[in-house]
Amino acid sequence: MASVDEPLYPIAVLIDELKNDDIQLRLNSIRRLSTIARALGEERTRKELIPFLSENNDDDDEVLLAMAEELGVFIPYVGGVEHAHVLLPPLETLCIVEETCVRDKAVESLCRIGSQMRESDLVDYFIPLVKRLAAGEWFTARVSACGLFHIAYPSAPDMLKTELRSIYSQLCQDDMPMVRRAAATNLGKFAATVEAAHLKTDIMSMFEDLTQDDQDSVRLLAVEGCAALGKLLEPQDCVSHILPVIVNFSQDKSWRVRYMVANQLYELCEAVGPEPTRTDLVPAYVRLLRDNEAEVRIAAAGKVTKFCRILNPELAIQHILPCVKELSSDSSQHVRSALASVIMGMAPVLGKDATIEQLLPIFLSLLKDEFPDVRLNIISKLDQVNQVIGIDLLSQSLLPAIVELAEDRHWRVRLAIIEYIPLLASQLGVGFFDDKLGALCMQWLQDKVYSIRDAAANNLKRLAEEFGPEWAMQHIVPQVLDMLNNPHYLYRMTVLRAISLLAPVMGPEITCSNLLPVIVTASKDRVPNIKFNVAKVLQSIISIVDQSVVEKTIRPSLVELAEDPDVDVRFFANRALQSIDHVMMSS
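Cut-offs applied
- Residues numbered from 1 in each chain as written.
- Predicted model: local features only at pLDDT ≥ 70, side-chain atom pairs only at ≥ 80, totals over all residues.
- Heavy atoms only, no water.
- Helix = DSSP H or I, 4+ residues; strand = E, 2+ residues; numbered from the N terminus.
- Rg over C-alpha atoms; globule rule 2.2 N^0.38 Å.
- Buried < 20%, exposed > 50% of the residue type's maximum accessible area, 1.4 Å probe, protein only.
- Axes fitted to C-alpha atoms, helices over the stretch in contact; angles between N-to-C directions.
- Parallel < 35°, antiparallel > 145°, perpendicular 65-115°, else oblique.
- Contact = heavy atoms within 4.5 Å.
- Nonpolar A, V, L, I, M, F, W, Y, C, P; charged D, E, K, R; others polar.
- Expected span 1.5 Å × (residues − 1).
- Bend = angle between axes of the 7 residues up to and from the residue.
- Arc of directions from axis to C-beta.
- Core = buried A, V, L, I, M, F, W, Y, C linked by side-chain atoms within 4.5 Å.
- Phe/Tyr/Trp six-rings, centres within 6.5 Å; stacked < 30°, edge-to-face > 60°.
- Lys NZ or Arg CZ within 6 Å of the ring centre and 35° of its normal.
- Salt bridge = Lys/Arg side-chain N within 4 Å of Asp/Glu carboxyl O.
- Disulfide = S-S within 2.5 Å.
- pLDDT = per-residue confidence, 0-100.

Thoughts on the overall build of the protein chain
No. 1: Scanning the protein chain for helices and strands turns up 38 helices and zero strands.
No. 2: The C-alpha atoms of the protein chain give a radius of gyration of 35 Å, which is well past the 25 Å a tight globule of 587 residues would have.
No. 3: Dimensions of the protein chain along its principal axes, counting C-alpha atoms only, are 90 × 85 × 40 Å.
No. 4: The proportion of buried residues among the 587 residues of the protein chain is 54%.

Details of the packing of helix α9 (residues 119-134) against helix α10 (residues 139-146)
No. 1: It is the contact of α9 with α10, at a shortest axis distance of 7 Å, that shows an interaxial angle of 140°. When the interaxial angle is binned, α9 and α10 end up oblique. For the pair α9 and α10, contact is made by Val130, Leu133 and Ala134 and by Ala141, Arg142 and Ala145, respectively.
No. 2: For the contact of α9 with α10, a count of residues per class yields five nonpolar, no polar and one charged.

Some points on helix α13 (residues 177-193)
No. 1: When the terminal C-alpha atoms of α13 are compared, their 25 Å separation across 17 residues agrees well with the 24 Å that a helix rising 1.5 Å per residue should span.
No. 2: Of all the bends in α13, the largest measures some 50° and sits at Leu187.
No. 3: Elements that come into contact with the buried residues of α13 comprise α10, α11 (149-152), α12 (158-172), α14 (196-211) and α15 (216-232).

A word on helix α3 (residues 23-31)
No. 1: Regarding α3, the residues found buried are Arg26, Leu27, Ser29 and Ile30. The buried residues of α3 occupy an angular sector of 160° when projected down its axis, which confines them to one face.

Some points on the packing of α3 against helix α6 (residues 61-71)
No. 1: Two elements in contact, α3 and α6, have axes separated by 9 Å at closest approach and are oriented at 5°. If you check the angle between α3 and α6, you find them roughly parallel. Together, Ile23, Arg26, Leu27, Ile30 and Arg31 of α3 and Glu62, Val63, Ala66, Met67 and Glu70 of α6 make up the contact between the two elements.
No. 2: Per-class residue counts for the contact of α3 with α6 are six nonpolar, no polar and four charged.

A look at the environment of Val282
No. 1: Mapping Val282 onto the fold places it in helix α18 (residues 274-289).
No. 2: When the C-alpha positions of Val282 and Ala316 are compared, they lie 9.2 Å apart, and in sequence the two are 34 residues distant.
No. 3: Those residues in contact with Val282 that lie beyond four places of it in its chain are Thr277, Phe307, Leu311 and His319.

Remarks on the nonpolar core
No. 1: By size, the foremost hydrophobic cluster in this structure holds 209 residues, and its most contacted members are Phe126, Phe149, Leu265, Ile320, Ile343 and Trp444.
No. 2: Ranked by residues supplied to this core, first place goes to helix α34 (residues 489-506) with nine residues.
No. 3: If sequence neighbours within four positions are ignored, Trp444 has contacts with Ala406, Ile417, Ile418, Ile421, Ile452, Arg453, Ala456 and Asn459.

Thoughts on the packing of aromatic side chains
No. 1: Inspection of every chain in the model, using the stated rule, returns five aromatic pairs.
No. 2: Judged by centre distance (5.0 Å) and plane angle (85°), the ring pair of Phe149 and Tyr168 falls under edge-to-face. One end of the pair, Phe149, is in helix α11; the other, Tyr168, is in helix α12, with 19 residues separating them in the sequence.
No. 3: Taken together, Phe532, Phe571 and Phe572 form an aromatic cluster joined through their ring pairs.
No. 4: The lysine or arginine in question, Lys536, covers the ring of Phe572, its NZ or CZ lying 4.9 Å from the ring centre.

With respect to the side chain of Arg165
No. 1: Assignment of secondary structure puts Arg165 in helix α12.
No. 2: Leave out the neighbours within four places in its chain, and Arg165 touches Tyr153, Phe190, Val194, Glu195, His198, Asp202 and Met206.

Quick look at the pattern of salt bridges
No. 1: Throughout the structure, instances matching the rule amount to 16 salt bridges.
No. 2: Between Arg256 and Asp216 there is a salt bridge, and its shortest N-O distance comes to 3.1 Å. Of this pair, Arg256 sits in helix α17 (residues 255-272) while Asp216 sits in helix α15, placing them 40 residues apart in sequence.
No. 3: According to the relative accessible area criterion, Arg256 is partly exposed, its value standing at 36%.
No. 4: Put simply, Glu551 and Arg555 hold a salt bridge, and the shortest N to O gap is 3.0 Å. Here the residue Glu551 and the residue Arg555 both occupy positions in helix α37 (residues 547-561), the gap between them amounting to four residues, near one helical turn.
No. 5: A cluster of three or more residues bridged by salt bridges with shared partners is formed by Lys105, Glu108 and Arg112.

Some words on the state of the cysteines
No. 1: One pass over the structure, following the stated rule, counts zero disulfides.
No. 2: Of the cysteine sulfurs around Cys146, a residue in no disulfide, the closest is that of Cys172, at 7.2 Å.

What about the environment of His85?
No. 1: Within the secondary structure, His85 sits in the loop between α6 and α7 (88-94).
No. 2: On the basis of relative accessibility, which here comes to 18%, the residue His85 falls in the buried class.
No. 3: Separated by 420 residues in the primary sequence, His85 and Val505 place their C-alpha atoms 68 Å from one another.
No. 4: Among residues more than four places away in sequence, those in contact with His85 are Met117, Asp121 and Tyr125.

Here's the deal with the side chain of Lys161
No. 1: Along the polypeptide, Lys161 turns up in helix α12.
No. 2: Residue classification places Lys161 among the buried positions, given a relative accessible area of 12%.
No. 3: Non-local contacts of Lys161, meaning those with residues more than four positions away in its chain, are made with Tyr153, Pro154, Ala156 and Glu195.

Remarks on the environment of Ala347
No. 1: Structurally, Ala347 can be placed in helix α23 (residues 346-350).
No. 2: Residue Ala347 is classed as buried on the basis of its relative accessible area, which comes to 0%.
No. 3: Through-space distance from the C-alpha of Ala347 to that of Leu360 is 9.2 Å; in sequence the pair is 13 residues apart.

Some thoughts on the confidence of the model for the protein chain
No. 1: Scored by pLDDT, the protein chain comes out at a mean of 79, with 91% of its residues at no less than 70.
No. 2: The least confident element of the protein chain is helix α1 (residues 2-5), whose mean pLDDT is 40; the most confident is α10, at 88.
No. 3: Contacts of residues 1-7 to residues separated by more than four positions or lying in other chains number two contacts, the stretch itself having pLDDT below 50.

Put into C-alpha cells, the structure is as follows:
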C-alpha cells in the first residue's frame, strides 16, 4: 500500500506546504518544484502540478517571484518543447500581479520558454497570450505584454504580424504612462525583429509618438531607443529620422531627458556618422556642456574625450575646448571631478601644441582644486599627457603641483600620490627623481597615518625594483636604517616593514651585510610589538640568505626572542624557528 501512495506523497506535501502560514515553508516548497516534478513524472506534472500552480493565489511577492523563476526552467519536467505551452497559464497569471519584480521575472521566464517553443505552438498559444495581456483591463498586464512582442513577432504569419504591430502602436499611446514607458523600453528589441519595410513606417511612427509624449519619464526612455533604432536604420534614414529627435531632446524642458541625451550622445554619433555629427551634434553637445543643471554637465563632461575623438582637432579646439575651460572652474565639484577623470585623454587627440597652450593650464587648475577627487583623477592619468608633451615640460609645469599634493592635508590624496610615484619615477628617470622626489619618499615613512607609512614602504620596494639595488643602496637603505633610532615605536615598525620588503630586491649579500645586523639590534628593543615584528622579518628573510647565516645569526636571535616574557613575541619567534626547521628538512 505504501508503494502505491508514494507518488502522491510529494504533491500532498507540496499542497500542504504551499498553503502553510509560514512563508519560509511556502518558499522552500516552491524552490523544490523541480524535485517534486521529477518525482511525479512528466504527465502528472502537466496534469496536476501545473494546474495547481495556476490556481495558487499566494499573496506573498517573495513566493510568487520564486515561482516565476522556477517555471522559466521547467520545460524538461513537463515533457520537453512539445509540451512547453502548458507552462504559459501560471506565468500569464504572474504577469498581472502588482509587484514589478514578479512581473519582470515572469516576462523573462516567458521569453525563455517562448524562444524554445515550436513555431506552431507559438502561433497557437504564445501569440494569443500576448494579445490577451495587451488587451488586459489592468495596466500591469499591458506593461508585461510589451516585453513579449519580440518573441512572438518573428513566428507570426503576415496577417498576425500586421495585427501585432497595430497592437504595439496602441500600447505606445496607452492612457497609462507606465504602459507607454514599457513600450518605449522594449521598442528597440521589437524593432530588431520587424522587417525593414515596416521599420521606416510603423516603428518610426511609434517612436515619434513616444518622443512627443507629455511624460518626461517616457521621453527619456525614447532617448535610449534612439541609439538602438539608429543601428537598425540605414545611415541616411538615421539622419532624417533620428537626428532631429536627438537635437530636440538636447533642448528638452526636462533635465532628466537632457541627461539621458548627454549619456547616450557618443553612441548616437556612431549611429549617424561623422558628417552629421560635426554639423548637428556638436552644437547640441556644446549646449549640454553648458546646461544649467549640474547632473547634465556631469554626464556631458564625462564624455568629452570620446566626443573629441570623433571630431578633427580643429573642431575640438574651436568648439569643445572653450566649454572645457568653463567646466574646469564649474561651481559643482562633481562636474570638475567628471572632467578631471577624462580630460587627460584629450591630449593625444589635440596634439602637442594645443595641449601645451590650452590643456596644461586647465590641468594645473584642476591639480590645485580644493576637492580631493578632482586632484586624484588628474594624477592618475598623467602618463597620457607625458606621451604627448614630453617629460621636460611635464616636470616644469606639473611637478610643483605634485610636490604640493604630496603634503596635502587629506591623507587619501597623499596616498594616491605615493601610488603614482613609481610610475612618475619610471617616466622621469633617476636623475630627475633624486633631485625632486627622493626626499618626499622618506618623509612619507614618518607620516601620521598608517596607510601612508605602509604605502611608503611598498613604494621604496617598487623604486628599488625600478632603479636597481645599487641605486637603492646609495639613496634608500642608509636613510631607512637611520630611522630605526626614531624614539616612536610606530615609525620603527614602519622601518622593519620597509626592510622586509627591500630584502628580496636587494639580494643576499646586501641583506647579510647591511640589513641583518640592524634587524638583530632591533630584536633587543624594549617594545614587544617591535620584537615580534623582528621575528616576522627574520622569518621572511630565511629563504633569501645562506644557510650558514641562518644558523649563525638568525637562529640565536630567534631563540632569545622565544624566551621573551611577552606571549606574542614568543609565538612569532617559535613560528619562525619552525620555519627554519622546515627549510632545513626540505633541503
